[in-house]
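Topology and contacts: notes
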Amino acid sequence: MDVGADEFEQSLPLLQKLLREADFVGLDIEFTGLRSNLTRLQQISLFDLPSDWYLKTRQSIQQFTVCQIGLSVFSSIEGESNTYIAHSCNFFLFPTTFGILDTEFSFQASSVQFLNQYGFNYNKFLKKGIPYMNEEQEKKIKHSILTGNWKVRSSLDKDQVKVVIDEVTRWLDLAEEGDQMTLPGIAGFRAFEVQLVLRQALPNIWTVLRDQGVIVKKVSQQHRWYLEHASGDRDSCWKEQILLSARGFSIFFQMLVQAQKPLVGHNMMMDLLHLHEKFFRPLPESYDEFKQNIHNLFPVLIDTKNVTKDIWKELHFPRVSNLLEVYEVLSSNLNPTKDSAPVIVHGNKCEKYAKRKCPHEAGYDAFLCGSVLLKVAHLLLQRAHGHVPTPEPSFLQYLDVLAPYVNQVNLIRAGVPKINFSGPDYPSIRPPILILTVRRWPGVSEQQIYGEFQNLCKFDVRRLTRSQFLLLTNKFKDVRSVLKEYRCHPTLQVSLYRYWRHSPNVNCVLQVCSIVAAWALLGFLLGRSST
């Protein structure tokens with residue numbers, strides 16, 4: 001089910017009801033870009049600690065915006081054995097442009113091409129997107145609206161605003177005091193904007209919103225003053241309605257937070273960063289503060305990438321490259337528990353994904369996340385019980401068997417493979433670092449070293465000294481291959497990196513200690529000879 005600005009407010013009661021009854025929620029987000037073209041030092045690398053990775057990625061999150069959020073709300077069906085119903089929604093979003101808010105964001109050509117390849121509807125994003133804001137933006141706009149100190153920067157085209165003002169101005173020239181006219185076809189958030197524009201531009205009119213549109217009434221300036229000051233409660237309520245409309249999707253985000261349901265994604269780290277930045281607060285500089293905030297918002301996170309990574313190794317499933325392929329393997333005869341796995345049906349008005357595949361549509365990917373979670377949890381539960389018959393499992397039993405993976409979110413290209421949102425991060429289990437010593441190759445760069453090895457395997461390269469480089473990969477077999485291949489190389493000597501042996505800092509300290517010891521020994525000998 002696609003939800004844009006026109007349908008959003010009417011959908012909120014149903015969405016709130018679904019969240020209250022849910023067992024868990026699948027999530028996927030599409031962005032206008034992934035990573036900005038940073039300098040080499042700002043690019044993520046296997047050498048990065050989680051805090052380094054976070055600070056580098058934070059810049060990209062602030063540069064790009066969310067264009068589509070997919071949520072799939074899964075609920076077990078009472079009275080039906082191990083059966084779940086999924087209500088999947090696509091929310092098209094566009095940043096709030098109202099009053100002092102006018103967000104700047106970038107598009108990345110590769111991301112636009114990628115989404116376009118899979119049929120993304122840019123018209124719904126740009127024209128029908130639901131507004132949203134974070135808490136900091138809400139405070140600013142709330143202060144402006146409630147104090148009456150706003151300047152409208154309308155999301156309507158300036159030409160359209162001019163047309164509305166011109167139409168009302170022409171009518172005013174002929175109208176008598178007390179006459180009124182209707183501006184039809186204007187509703188929702190846009191209706192509030194039109195009223196603000198008209199009230200600021202024309203001192204002798206008053207506006208009200210009715211079912212048929214915006215009603216404009218000609219009044220005297222004294223009557224206008226009276227209406228503004230005598231309708232305190234109504235005016236306050238009207239301003240609250242403006243703020244409510246401007247908040248848009250952020251209202252549903254708060255519902256999601258308050259529901260405290262397990263949130264399920266696939267490679268969901270970027271999703272969590274955007275959720276924090278766009279709907280909660282600007283991303284803090286502190287990595288630990290970010291972790292704590294996310295854990296407070298969503299106490300139970302499950303990343304299906306992290307779960308399936310272990311299962312794939314143990315069961316020797318075929319290699320997969322995306323979420324749809326993971327789902328298809330788990331739905332095939334390769335899965336030994338396929339026939340007893342949970343049954344998943346689609347909710348009313350959400351049958352679209354029962355009929356066709358829509359990869360990289362956020363709602364569909366959110367549905368795949370939830371489905372993969374149920375299938376892999378069932379597989380884990382059956383393996384834990386062995387051949388012993390088990391009663392029909394509940395979702396709580398699935399959560400128990402998933403406990404080792406809860407709040408462990410996969411991290412792409414960093415010094416550790418995952419982030420632990422409920423405690424300290426685990427130490428790295430990456431392959432050991434290699435040190436490369438270069439002979440007879442003056443002026444060699446990191447890029448040239450990378451090119452030297454790229455046909456054999458891919459390493460991240462970092463310069464250590466003028467003639468030494470550190471090499472790091474995420475595959476143990478690559479380490480073995482390089483050590484074997486370059487064992488007798490005439491100009492490139494590769495060995496395991498040992499901090500106490502190879503670190504320039506340690507070598508510098510040792511040299512200083514040697515000099516101090518030598519001078520101390522010399523002073524001792526000279527002192528003895530003089531006595």
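Below you will find a few notes about this structure. (Residues numbered from 1 in each chain as written. Predicted model: local features only at pLDDT ≥ 70, side-chain atom pairs only at ≥ 80, totals over all residues. Heavy atoms only, no water.)

Some thoughts on the sheet that holds strand S15 (residues 434–438)
Pairing within the open sheet is antiparallel, and its 4 strands lie in the order S16-S17-S15-S18. Either end of the sheet is taken by a strand with one partner, and the two such strands are strand S16 (460–465) and strand S18 (492–496). Averaged over all neighbouring strand pairs, the angle between strand axes comes to 30°, with direction disregarded. Pairing geometry for S15 and S18, over 5 bridges, is antiparallel. Paired with Leu434 across the bridge in S18 is Leu496. Lying on the sheet, helix H18 (residues 446–453) is in contact with S15, S16, strand S17 (468–472) and S18; it crosses S16 at an angle near 130°. Helix H19 (residues 476–485) contacts S15 and S18 of the sheet and is inclined by roughly 135° relative to S18. (Pairing = 2+ DSSP bridges. Helix = DSSP H or I, 4+ residues; strand = E, 2+ residues; numbered from the N terminus. Axes fitted to C-alpha atoms, helices over the stretch in contact; angles between N-to-C directions. Contact = heavy atoms within 4.5 Å.)

Digging into empty space enclosed by the protein
Enumeration according to the criterion identifies 1 cavity of 30 Å³ or more in this entry. Lining the largest cavity we find Met133, Asn134, Glu135, Glu138, Arg247, Ser250, Gln254 and Phe279. Only helix H5 (135–147) and helix H10 (249–259) provide two or more residues apiece to the lining of the largest cavity. (1 Å grid on protein atoms, 1.4 Å probe; cavity = no way out; pocket = protein on both sides within 12 Å on 5 of 7 lines; lining within 4 Å. Points joined across faces, edges and corners; volume = space filled by probe spheres on them.)

So, the pairing of strand S8 (residues 205–210)
Summarising the sheet, S8 and strand S9 (residues 213–218) pair through 6 bridges and their orientation is antiparallel. Pairing of Arg210 across the sheet is with Gly213, part of S9. The hairpin turn running from S8 into S9, its antiparallel successor, is 2 residues long.

What about the nonpolar core?
Phe91, Phe249 and Phe252 are the most contacted members of the largest nonpolar core, which totals 53 residues. At the level of elements, helix H1 (5–21), strand S2 (24–31), helix H2 (50–63), strand S3 (66–76), strand S4 (83–92), H10, helix H11 (269–280) and helix H12 (287–297) are the ones that each hand at least two residues to this core. By size, the runner-up hydrophobic cluster in this structure holds 36 residues, among which are Tyr364, Cys369, Leu373 and Phe395. (Core = buried A, V, L, I, M, F, W, Y, C linked by side-chain atoms within 4.5 Å. Buried < 20%, exposed > 50% of the residue type's maximum accessible area, 1.4 Å probe, protein only.)

Some details on the sheet that holds S8
Judged by pairing direction, the sheet is antiparallel, and its 3 strands sit side by side in the order S7-S9-S8 without closing on themselves. The open sheet is flanked by strand S7 (180–184) and S8, the only strands paired with a single partner. For this sheet, the mean angle separating the axes of adjacent strands, direction not counted, is 25°.

Some remarks on the packing of aromatic side chains
Two aromatic rings, taken as a pair, are described by how far apart their centres are and by the angle between their planes. This model, assessed by the stated rule, comprises 29 aromatic pairs. Here the aromatic rings of Phe94 and Phe105 are separated by 6.0 Å at their centres, their planes lie at 80°, and the arrangement is edge-to-face. Placement of Phe94 in the loop between S4 and strand S5 (97–98) and of Phe105 in the loop between strand S6 (101–102) and helix H3 (109–117) is noted, with a sequence separation of 11 residues between them. Arranged with centres 6.5 Å apart and planes meeting at 55°, the rings of Phe105 and Phe125 form a pair that is tilted. Of the two residues, Phe105 is situated in the loop between S6 and H3 and Phe125 in helix H4 (residues 122–128); the sequence distance between them amounts to 20 residues. A relative accessible area of 0% means that Phe125 is categorised as buried. A network of ring pairs unites the aromatic residues Phe8, Phe91, Tyr132, Phe249, Phe252, Phe253, Phe279 and Phe298 as a single cluster. The lysine or arginine in question, Arg199, covers the ring of Trp206, its NZ or CZ lying 3.8 Å from the ring centre. (Phe/Tyr/Trp six-rings, centres within 6.5 Å; stacked < 30°, edge-to-face > 60°. Lys NZ or Arg CZ within 6 Å of the ring centre and 35° of its normal.)

A closer look at a positive patch on the surface
A cluster of like positive charges, contributed by Arg319, Lys458, Lys475 and Lys477, occupies part of the molecular surface. Tracing the backbone shows Lys477 in helix H19. The class for Lys477 is partly exposed, based on a relative accessible area of 47%. (Patch = residues over 30% accessible without salt bridge, like charges linked within 9 Å, V, L, I, M, F, W, Y side chains within 5 Å. Areas by Shrake-Rupley, 256 points an atom, 1.4 Å probe, with all protein chains shown as cover. Salt bridge = Lys/Arg side-chain N within 4 Å of Asp/Glu carboxyl O. Lys, Arg positive; Asp, Glu negative; His and termini not counted. Charge placed at Lys NZ, Arg CZ, Asp CG, Glu CD.)

Brief notes about unusual backbone geometry
A positive phi is found at Asn82, a non-glycine position, where the angle reads about 45°. Assignment of secondary structure puts Asn82 in the loop between S3 and S4. On the basis of relative accessibility, which here comes to 10%, the residue Asn82 falls in the buried class. Of note, the phi angle at Arg440 is positive, near 55°, even though the residue is not glycine. Secondary-structure assignment places Arg440 in the loop between S15 and H18.

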